[in-house]
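Observations on the three-dimensional arrangement
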Amino acid sequence: MKEYEEVRHSLIDMLEDLDDRLTKITHDVKEPLDKDFEEQATQAENDEVLDGLGNAARTEIEMVKQAIARIDKGQYGLCQVCGQPISQERLKAIPYSILCIKCASQVGAKQ
Ligand SMILES: [Zn+2]
């Protein structure tokens, strides 16, 4: 799988960045709530936002991991729905995309 060696490297870099981001987010969520009630409300709202960010990061981590697994299995760059190759530009923009542009636009997903 030499041809995707570089992609694999950048995916692993991505994974490390995402892990860092997730650790920071999770750390922020665990900060103790302020005693002041108004502060608490704001804090709770922030936690919700951070939770959302955490989930987004977790989803992205999953997709990056899947992409690495697909490189290892020799299935990288093929659409998971129609089996057609995903365009190079698309893979450059979203290295962990699993759908070709046509199928992606049909399901309305950004990946
Ligand atoms: Zn497709």
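Residues numbered from 1 in each chain as written. Predicted model: local features only at pLDDT ≥ 70, side-chain atom pairs only at ≥ 80, totals over all residues.

Topic: the overall build of the protein chain
A tally of regular secondary structure across the protein chain gives four helices and zero strands. Element order for the protein chain, N to C, with α for helix and β for strand: α-α-α-α. In the protein chain, which comprises 111 residues, the share counted as buried stands at 14%. Of the contacts formed within the protein chain by residues at least 6 apart in sequence, a portion of 52% connects residues at least 24 apart. (Helix = DSSP H or I, 4+ residues; strand = E, 2+ residues; numbered from the N terminus. Buried ≥ 20, exposed ≤ 12 C-beta atoms within 10 Å, placed from the backbone. Contact = placed C-beta atoms within 7 Å.)

Observations regarding the environment of Val81
Topologically, Val81 is positioned in the loop between helix H2 (37-73) and helix H3 (88-93). On a C-alpha basis, the gap between Val81 and Lys102 in space is 10.0 Å, while along the polypeptide they are 21 residues apart. Setting aside anything within four residues of it in sequence, one finds Val81 in contact with Leu99 and Cys103.

Observations regarding the nonpolar core
Of all hydrophobic cores here, the largest spans nine residues; its members are Leu11, Leu18, Ile25, Ala57, Val64, Ala67, Ile68, Tyr76 and Tyr96. Of all the secondary structure elements, the ones that give two or more residues to this core are helix H1 (5-30) and H2. Ignoring any residue separated from it by four or fewer positions in sequence, one finds Leu18 in contact with Ala57, Glu60, Ile61 and Val64. (Core = buried A, V, L, I, M, F, W, Y, C linked by C-beta atoms within 7 Å.)

Description of the environment of Ile61
With respect to the secondary-structure elements, Ile61 resides in helix H2. Taking the C-alpha atoms as reference points, Ile61 and Asp19, 42 residues apart in sequence, are found 7.6 Å from one another. Filtering out sequence-adjacent residues up to four positions away, Ile61 remains in contact with Leu15, Leu18, Asp19 and Leu22.

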